[in-house]
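Next come the chains, spelled out residue by residue.
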Amino acid sequence: MLPVPFLVNTFGWILTENGRQPWIVQGLQKTQDAASPSVGATALVTSLVVLVALYAVLAVVDWVLMARYARRELVSQPVESPGEKPAKPAFEPSY
Amino acid sequence: MTLVSFWYVVLVLLWTGFLLLEGFDFGVGMLHRLVGRDEAGVQTAIRTIGPVWDGNEVWLIVVVAATFAAFPSWFATMLSGFYPVFLVVLVGLILRGVSFEFRSHSTDPRSRRLWSAALTVGSLVVPLGLGIVLGGLLGGLPIDSQQEFVGDVGDLFGLYSVVTGVTITLLCLVHGAAFLALRTADDLRSRALTAGRVVGPPAAVLVVVWTLWTRIASGNGVLLSVSEFGAVLAAIAAAVLLAGGREGAGFVATSLALAGVVVSLFSELAPRVMVSTLGAANDLTATGTASSPYTLGVMTVVLAVLLPVVVLYQWWAYRVFGGRVRTGLDQSTHPSGTSAEALVGGGRGSRINRPPLPRAGAGPPPKQPLGRLASWLLAWLAAWLIMRAVTAAVSADGDGPRGHV
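What you see is a predicted model, and the numbers here were worked out from it, not measured in a lab. (Residues numbered from 1 in each chain as written. Chains lettered and ligands numbered in written order. Predicted model: local features only at pLDDT ≥ 70, side-chain atom pairs only at ≥ 80, totals over all residues. Heavy atoms only, no water.)

Below, the discussion takes up the overall build of chain B. Helix and strand counts for chain B stand at 15 helices and 2 strands. In chain B, which comprises 405 residues, the share counted as buried stands at 49%. When contacts within chain B are restricted to residue pairs at least 6 apart in sequence, those whose partners lie at least 24 apart make up 76%. Summed over all atoms, the accessible surface of chain B reaches about 18,400 Å², with 70% contributed by carbon and sulfur. (Helix = DSSP H or I, 4+ residues; strand = E, 2+ residues; numbered from the N terminus. Buried < 20%, exposed > 50% of the residue type's maximum accessible area, 1.4 Å probe, protein only. Contact = heavy atoms within 4.5 Å. Areas by Shrake-Rupley, 256 points an atom, 1.4 Å probe, with all protein chains shown as cover.)

Structure (structure tokens):
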């Protein structure tokens, strides 16, 4: 079940974007009129490849980290009781 | 002052604020390995910016968003023209942003080295790229009469743009060294000062060169303007002060130098916003690229409401996380007590030992859920009332919304 919310979220996004076509702003501007004439296909493909690759790497690292932390046993942290607070709170901004 | 020039000034202030704040965490990012040296030192160096770097970065988002809202044509030409540079800047920002989290969660030294490298490179590439963009605004790009960039990638890296980028990057480096010296103690502090001593003089020389070049190329002779003269003086003062081991005054000087450079650049640029190398008729101007007076009016009200809030919480964050950061949890020898200890245990995700909030009068302690709920409701009520007042004021004010759907 874990991937379902991610998939639903993504497909919802794709649905809104597709449903609005051919408008980029409904009723005001067409997507083809909004495209940048000075950004060529090479630049677009390069940026797409770079960003997809980057996010793929980050997704893998994220997944590994989340899995690692999910498997780890919970260690009880020392709980701070109100009485243990330092008696004299020093409050000196240095700049 | 017209609304257009007001928003031009706001943008200059936003760029200045961004470089003043994020500038030092770029500098700390570039220096953290060098100054930190061992793992404990590196972690301490990162902790000096741990709680504040992401707040600083928001200023860049505000700069770009304010450009989009106030000067849409400028935004379009700048972002499309500098597309490859902005791609590199974005990748740098992403790598730098995740490196803080991933580094602190990685257990083996190799991946720590990898994320440290990401932090260093990201912190170098972003000010360099943004500096190249700022330099390019004044240095000029091939822009045709349709406000479209018609050059190739090489046109983005003109000599003046690159010199601007390197100047800003070096200033961030000195700024970060001063900040690191200010926020650390003992060995770390002295190594940060050494870094400042080494980078200070070349940065000052570059500021002098850049300022003269900017002034002469703008056709205003060699007599510097006030902000240019201030930038030169501050950059020299920063080098001298850091060499003398005075990081506090040095930090003020690097701040003034950065502010001087940004203000000088934009004041030589005004009333233009982007210079075209294909003739002055193609230059983008502030009035020519601005939004409608209605949009600018709404934005002015929003700015007046939100800016004080932002300034207040940023000030609060710096106040809470003030003080020098030391390696290890040695509170007994700590001159600034809890606030510094908060940083030692700091970084997001860790339990922070916050000093109790100073309270005026004998109100109920804020931990009580009912009191919290009440203040939460009051805050929303206040926000709603302000928005009502703003809407009423704006719709009574002249032409009203256009393009109403």
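Okay, the overall build of chain A next. Each helix and strand counted, chain A has 3 helices and 2 strands in total. Mapped from its N terminus to its C terminus, chain A presents α and β elements in the order α-β-β-α-α. Burial analysis of chain A (95 residues in total) assigns 7% to the buried set. Carbon together with sulfur atoms contributes 68% to the accessible area of chain A, which is approximately 8,000 Å² in total.

Further remarks concern the pattern of salt bridges. Close approach of charged atoms allows side chains of opposite charge to pair. All names here are of chain B. In the structure shown here, the tally under the stated rule is 11 salt bridges over all chains. With a closest N to O distance of 2.6 Å, Glu-247 and Arg-189 form a salt bridge. Of the two residues, Glu-247 sits in helix 11 (residues 247–269) while Arg-189 sits in helix 9 (residues 186–217), which places them 58 residues apart along the sequence. With a closest N to O distance of 3.0 Å, Glu-247 and Arg-324 form a salt bridge. (Salt bridge = Lys/Arg side-chain N within 4 Å of Asp/Glu carboxyl O.)

All names here are of chain B. Summing up the model confidence of chain B, the mean pLDDT is 85 and the portion of residues at 70 or higher is 87%. This stretch, residues 329–354, has a pLDDT under 50; its non-local contacts, to residues over four places away or in other chains, come to 54 contacts. Here residues 398–405 is modelled with pLDDT under 50, and outside its nearest four sequence neighbours on either side it reaches 4 contacts, counting other chains as well. (pLDDT = per-residue confidence, 0-100.)

This part covers the layout of surface pockets. In this structure, the second largest pocket spans a volume of roughly 780 Å³. If you go around the second largest pocket, you meet 31 residues; those closest to its centre are Phe-75, Leu-79, Ser-80, Tyr-83 and Phe-86 of chain B. Listing elements by their share of the lining of the second largest pocket, those giving two or more residues are helix 3 (41–71) of chain A together with helix 3 (53–70), helix 4 (72–81) and helix 5 (83–105) of chain B. Each residue belonging to the lining of the second largest pocket can be placed in one class, and the counts come to 21 nonpolar, 8 polar and 2 charged. Viewed by domain, the lining of the second largest pocket spans two of them, domain 1 (9–36) and domain 2 (39–71) of chain A, each represented by three or more residues. (1 Å grid on protein atoms, 1.4 Å probe; cavity = no way out; pocket = protein on both sides within 12 Å on 5 of 7 lines; lining within 4 Å. Points joined across faces, edges and corners; volume = space filled by probe spheres on them. Nonpolar A, V, L, I, M, F, W, Y, C, P; charged D, E, K, R; others polar. Domains from an automatic or database assignment.)

All names here are of chain B. A cluster of nonpolar residues, Leu-370, Leu-373, Trp-376, Leu-377 and Trp-380, forms a patch on the protein surface that exposes about 620 Å² of accessible area. Within the secondary structure, Leu-373 sits in helix 15 (residues 369–396). For Leu-373, a relative accessible area of 45% corresponds to the partly exposed category. (Patch = residues over 30% accessible without salt bridge, like charges linked within 9 Å, V, L, I, M, F, W, Y side chains within 5 Å.)

So, about helix 10 (residues 226–243) of chain B. Residue and element names in this part refer to chain B. Compared with the 26 Å implied by 1.5 Å per residue over 18 residues, the 26 Å span of helix 10 between its first and last C-alpha is a close match. Of the residues making up helix 10, those classed as buried are Ser-227, Glu-228, Ala-231, Val-232, Ala-234, Ala-235, Ala-238, Ala-239, Leu-241 and Leu-242. Positioned one or two residues after helix 10, Gly-245 has a phi angle of 75 degrees, which is positive. (Expected span 1.5 Å × (residues − 1).)

Okay, the packing of helix 1 (residues 3–36) of chain B against helix 13 (residues 293–320) of chain B next. Residue and element names in this part refer to chain B. Running from N to C, helix 1 and helix 13 point in directions that differ by 25 degrees, and their axes come no closer than 11 Å. Taken as axis vectors, helix 1 and helix 13 run roughly parallel relative to one another. As helix 1 packs across helix 13, the resulting crossing turns out to be left-handed. Here Leu-3, Val-4, Phe-6, Trp-7, Val-10, Leu-21 and Phe-24 of helix 1 lie close against helix 13, whose contacting residues are Pro-293, Leu-296, Gly-297, Met-299, Thr-300, Leu-303, Gln-314 and Tyr-318. Across the contact of helix 1 with helix 13, the residue classes break down as 12 nonpolar, 3 polar and no charged. (Axes fitted to C-alpha atoms, helices over the stretch in contact; angles between N-to-C directions. Parallel < 35°, antiparallel > 145°, perpendicular 65-115°, else oblique. Left-handed = near helix turned anticlockwise from the far one by under 90°.)

Residue and element names in this part refer to chain B. Position of Ser-116 among the secondary structure elements: in helix 6 (residues 109–139). Here His-32 takes part through its side chain, which lies 2.9 Å from a polar atom of the side chain of Ser-116. Look past the residues within four positions of Ser-116 in its chain and what remains in contact with it is His-32, Arg-33, Val-42 and Arg-103. (Polar contact = N/O pair within 3.5 Å; in protein donor to acceptor, adjacent residues only side chain to side chain.)

As a further point, take the confidence of the model for chain A. Overall, the prediction assigns chain A a mean pLDDT of 82, with 79% of residues at 70 or greater. For the stretch residues 85–95 of chain A, pLDDT sits under 50, and the model shows 26 contacts to residues farther than four places along the chain or on other chains.

What follows is about the nonpolar core. Residues and elements named next belong to chain B. Counting residues in hydrophobic clusters, the biggest one holds 94 residues, and the most contacted among them are Trp-15, Phe-18, Phe-71, Trp-74, Phe-82, Phe-266 and Met-274. The greatest single-element share of this core, amounting to 17 residues, is contributed by helix 1. In contact with Phe-18, other than residues within four places in its own chain, are Gly-23, Phe-26, Asn-56, Trp-59, Leu-60, Val-63 and Leu-130. (Core = buried A, V, L, I, M, F, W, Y, C linked by side-chain atoms within 4.5 Å.)

The next subject is the packing of helix 3 of chain B against helix 4 of chain B. All names here are of chain B. One way to put it is that helix 3 packs onto helix 4 with a least axis distance of 5 Å and a crossing angle of 125 degrees. When the interaxial angle is binned, helix 3 and helix 4 end up oblique. On helix 4, the residues that touch Val-64, Thr-67, Phe-68, Ala-69 and Ala-70 of helix 3 are Pro-72, Trp-74, Phe-75 and Met-78. Along the lines of polarity and charge, the residues of the contact of helix 3 with helix 4 split into 8 nonpolar, 1 polar and no charged.

Here the focus is the environment of Gln-43 of chain B. As for its placement among the helices and strands, Gln-43 of chain B is situated in helix 2 (residues 39–49). Between the C-alpha atoms of Gln-43 of chain B and Thr-327 of chain B, which are 284 residues apart in sequence, the distance is 8.2 Å.

A separate point is the packing of aromatic side chains. One pass over the full model with this rule turns up 15 aromatic pairs over all chains. The interplanar angle of 80 degrees and the centroid separation of 6.1 Å between the aromatic rings of Phe-18 of chain B and Phe-26 of chain B together place this pair among those described as edge-to-face. Between Phe-24 of chain B and Phe-179 of chain B the ring centres are 3.9 Å apart and the planes differ by 15 degrees, which places this aromatic pair in the stacked class. Of this pair, Phe-24 of chain B sits in helix 1 while Phe-179 of chain B sits in helix 8 (residues 159–183), placing them 155 residues apart in sequence. Residue Phe-179 of chain B is classed as buried on the basis of its relative accessible area, which comes to 0%. A network of ring pairs unites the aromatic residues Trp-15, Phe-18 and Phe-26 of chain B as a single cluster. In this structure, Lys-30 of chain A packs its charged tip against the face of Trp-23 of chain A, placed 5.1 Å from the ring centre. (Phe/Tyr/Trp six-rings, centres within 6.5 Å; stacked < 30°, edge-to-face > 60°. Lys NZ or Arg CZ within 6 Å of the ring centre and 35° of its normal.)

All names here are of chain B. Relative to the helices and strands, Thr-254 resides in helix 11. For the pair Thr-254 and Leu-241, spaced 13 residues apart in sequence, the C-alpha to C-alpha distance is 10.0 Å. In this view, Thr-254 contacts Val-174, His-175, Ala-178 and Ala-238; residues no more than four positions away in its chain are not counted. Among the polar contacts listed, one links the side chain of Thr-254 to the backbone oxygen of Phe-251, at a separation of 2.9 Å.

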